[in-house]
Amino acid sequence: MTPPLPANALPDGGWDARPPAWTANPSPRSVHRTLLRTYGPRGWWPVTPAGSGVPAYRPGTWGRLSARQRLEVCLGTLLTQNTAWDNASRAVEGLNRRGLMSLGNLGRAPLGALQRAIRCSGYFRQKALKIKAFVRHARRRGDLGRWLAGPLDGLREELLGIHGVGPETADSMLLYAGFRPAFVVDAYTLRIGSRLGWFAPGAGYETARRLLMRSLPVSPKLYGEFHALLVELAKRHCRKTPVCPGCPLLKECGHGQGRGGGPVEGRTIRRGVLALWAGAMLLAPPSWSAAPSGKTLAAAGKVDITPVIGHHRVYLAGFGAKGRKAAGVHDPLYARILVLSDGKKTVAIVGLDLLGLFRNDVLDLRRLTRFQGEGRFLFVAATHHHAGPDTLGLWGPVPGASGVDRGYLRKVKEEVAAKVLELADRLEPARLRGAVRRVDPRGLCKDIRDPAVIDEDLGVLRFETPQGRPIATVVNWSCHPEVLGASNRLVTADYPGPLCGRVEERTGGACVFLAGSLGGLLTPDTKAGAGDFYEAHRIGTKLADLALDAPTGAGADFPLDFRMETVNVPVENSRYLLFLPTLVAGHELNDGAGKPLPGGRAFTLAGLHALRGLKTAELPWIDTEVSLLRIGPAAILGIPGEIFPELVVGGFQGQRTGGRSLTDPSNPDPPDLGKAPKGPYLKESMPGRLKLVAGLAGDEIGYIVPEYDFKVRRSLTLSPRLPGHHYEETNSLGKSATGIVLEAARRLFK
């Protein structure tokens, strides 16, 4: 049992004599009193009494649960996701009836038996997997009651790392099973709060949660009853189409009074207006010229780009020669966007929770936003997580088949473009603070290809109003977002998701994550080799805390500059040549002089290569780009692929190994470091005080491998790989790409 909390204890462990003053009318405290007088105690969360098999409400009872009932509440929070409580309650009855209501029995139960027991709850296959994940974790932690009595902040983070446990579910477990002070926010709370003026329409979960917890006395019992009372109000009156007559809050509700207490008839009209607005945003000329010269401005936001399972065709990309059909969604994917202007030039930085985008898609975005003329530039980079939809056409149902859903990809581009234009229209004065701090990578990232070199620099750029209100934070870190391995079949942003979520929660501004130099191969350093959601959450939040603590100094204006060079690169990879028609969707094919090849040539070249192999003079070439942003004292170099960190920071003498040996003694063919390239390396040559390198920027051409150690078998499929560490060569355009990209970058520095 959790010890009772003092009345003035705050959820973060601090103390306060009373809740802060509340200026809105009605306040949450007065609403709680009104609803309690109207509806009385609700007795939520229902649990099954001893000797019964059916969950029951228990008004007037708080804080007394048996071990079985505590588990039942936790399972109920998972079962009630995306369904009514009646369905979840019947599923709880099914678990009780089959004798499964214990951690041991649930752990031993076959997945099929568990699915049958909870079938009535809807989405039963996904929920069975979520229950199994929760039970595995809970069994490792021992007694459920003692576990839920642990330090609140760390416990909530731990729960959020379990598959299927989002913020609402985690807080429900903490509040109703652990009796901890964690306010539960659901769609009803957000709807009622926005109508009462507590927070703006569209407010996020964490914003609403923190605001309500700071405005109410810290009392788990009060939180539990208040949440249940808000649910009751929403069901009776505050529906999507409100039924205002008879509502106990009508006299105090500005939303209801403004409508005269009648129902909403104008949703269709509002949607039409919204559609017209979106169309106008895409067609009307942007108003960047409104920014006065010499003023530095910024705006930031994000748009949800999570695919809809069942509506979109989703093959997860990033491992093996074919995709993995997605079984569900663990956490959302976002496009996070930062627009900057100094009055003369405007730059939009887009960070996408995607494996990558080919150059043609980036050019589409520039056309949609018109960020392609003089004075405007769109910098697009992917996080390169390995648990999102195939956007490159390389991970379909079978090797060689595309897994891209064109409708989904089109939707992403249209929504990102609309958001860029919206942000460009609401720029506000801003200042920049930044830092690049050296981070110990142990427990965060490791290099599994010789030589062991890690770019340990964590880059942080903070954009704030002159009054200090955060607008956005840019975080740059070098490590593959692949905590979740090839066995995972759930859509997830991997560690950049909790990283950005933590920064956004703590600052209130947007967070744009830019993946750095990922080659090498830099991969997450997980505990005991575990690749689960808990580890993704641990790594992401640790990096977020390091970024938040970075000493960024005083804010200043940030004059802007940008340069971009288009370069022509040969496709030398034999595998890519075999599947050349798939690549055409993302690039136009050229000859060595840059002249476009005729349509259909991709099929001809792929066939010739399969029959006899293409000669060097017959190889197709593609255009890609290297870019450089200057933002005050900061420089961001955009590399169109996964560059090896040793090309960026050197480290061939063992200065950046992350605690391991420079080369693996068991490597049968270690690299000849005597032939390694000499400095200056990219970061040494870059301008600016704050130097960031962003991979997967403007394109995805695969790994950019140091030429001295580029080794590949001369066979049609490049298989079997040569002894040593040479996986990356099989996923690159070829050896020539490295020199071409590096030379272009150095030209941009001049």
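The rules behind each value
Residues numbered from 1 in each chain as written. Predicted model: local features only at pLDDT ≥ 70, side-chain atom pairs only at ≥ 80, totals over all residues. Heavy atoms only, no water. Core = buried A, V, L, I, M, F, W, Y, C linked by side-chain atoms within 4.5 Å. Buried < 20%, exposed > 50% of the residue type's maximum accessible area, 1.4 Å probe, protein only. Helix = DSSP H or I, 4+ residues; strand = E, 2+ residues; numbered from the N terminus. Contact = heavy atoms within 4.5 Å. Pairing = 2+ DSSP bridges. Axes fitted to C-alpha atoms, helices over the stretch in contact; angles between N-to-C directions. Phe/Tyr/Trp six-rings, centres within 6.5 Å; stacked < 30°, edge-to-face > 60°. Lys NZ or Arg CZ within 6 Å of the ring centre and 35° of its normal.

Undergrad: Please explain the nonpolar core as it appears in this structure.
TA: Generally speaking, a soluble globular protein has its nonpolar side chains buried in company with each other. Judged by nonpolar contacts, the single largest core of 76 residues is most densely connected at Leu95, Ile118, Phe134 and Leu159. By residue number, the principal contributor to this core is helix α12 (residues 220-236), which donates eight residues. Residues in contact with Phe134, not counting those within four places in the same chain, are Leu71, Cys74, Leu75, Leu78, Leu144, Trp147, Leu159, Ile162 and Met173. Core analysis: the second largest hydrophobic core is formed by 43 residues, Val571, Tyr576, Val626 and Phe644 among them.

Undergrad: What am I meant to see in the sheet that holds strand β9 (residues 431-438) here?
TA: Within a sheet, each strand pairs with its neighbour through backbone hydrogen bonds, oriented either parallel or antiparallel. Reading across the sheet, the four strands line up as β9-β11-β12-β14 and stay open at both edges, with mixed pairing between neighbours. The open sheet has two edge strands, β9 and β14 (510-515), and neither has a second partner. Between one strand axis and the next, the sheet turns through 15° on average, direction left out of account. In terms of strand pairing, β9 meets strand β11 (residues 457-464) through eight bridges, oriented antiparallel. Along β11, the bridge assignment pairs Arg431 with Glu464. Contacts from helix α17 (residues 496-507) reach β12 (470-477) and β14, with the element oriented near 150° to β14. The sheet strands contacting helix α18 (residues 533-548) are β9, β11 and β12, and the helix crosses β11 at an angle near 60°.

Undergrad: I'm lost on helix α9 (residues 167-177) in this one. Help?
TA: Spacing of three or four residues puts side chains on the same side of an α-helix, whose turn is 3.6 residues. Counting buried positions over the 11 residues of α9 gives nine, a clear majority of the element. The secondary structure elements touched by the buried residues of α9 are α2 (67-79), α6 (124-141), α7 (144-148), α8 (152-160), α11 (205-215) and α12. The first or second residue beyond α9 is Phe179, which carries a positive phi of 55°.

Undergrad: For this particular structure, what's the right way to read the packing of aromatic side chains?
TA: Note on aromatic pairs: each is described by the distance of the centres and the angle between the planes. In total, this model carries 14 aromatic pairs according to the counting rule given. Between Trp45 and Tyr176, the ring centres sit 5.5 Å apart and the planes meet at 50°, which makes this aromatic pair tilted. Of the two residues, Trp45 sits in the loop between α1 (28-39) and α2 while Tyr176 sits in helix α9, which places them 131 residues apart along the sequence. Here Trp45 and Tyr176 have matching classes, each one buried. Taken together, a centroid distance of 5.9 Å and an interplanar angle of 80° make the contact between Tyr495 and Phe513 edge-to-face. With a gap of 18 residues between them, Tyr495 in the loop between β13 (490-491) and α17 and Phe513 in strand β14 connect regions that are remote in the sequence. Among the residues examined, Tyr495 registers a relative accessible area of 0% and is labelled buried. Among the aromatic residues, those joined into a cluster by ring pairs are Trp44, Trp45, Trp85 and Tyr176. We note Lys302 situated over the ring of Tyr334; from NZ or CZ to the ring centre the distance is 4.2 Å. The ring of Phe562 carries the charged tip of Lys345 above its face, separated from the ring centre by 5.5 Å.

Undergrad: Mind showing me how you'd approach the pairing of β14 here?
TA: Every other side chain in a regular strand lies on the same face of the sheet, so the side chains alternate between the two faces. Most of β14 sits inside the fold, with six of its six residues counted as buried. The two faces of β14 match: Ala510, Val512 and Leu514 on one face and Cys511, Phe513 and Ala515 on the other face are all buried. Of the pairings in the sheet, the one linking β12 to β14 comprises six bridges and is parallel in character. Each bridged residue has a counterpart across the sheet, and for Val475 the counterpart in β14 is Phe513.

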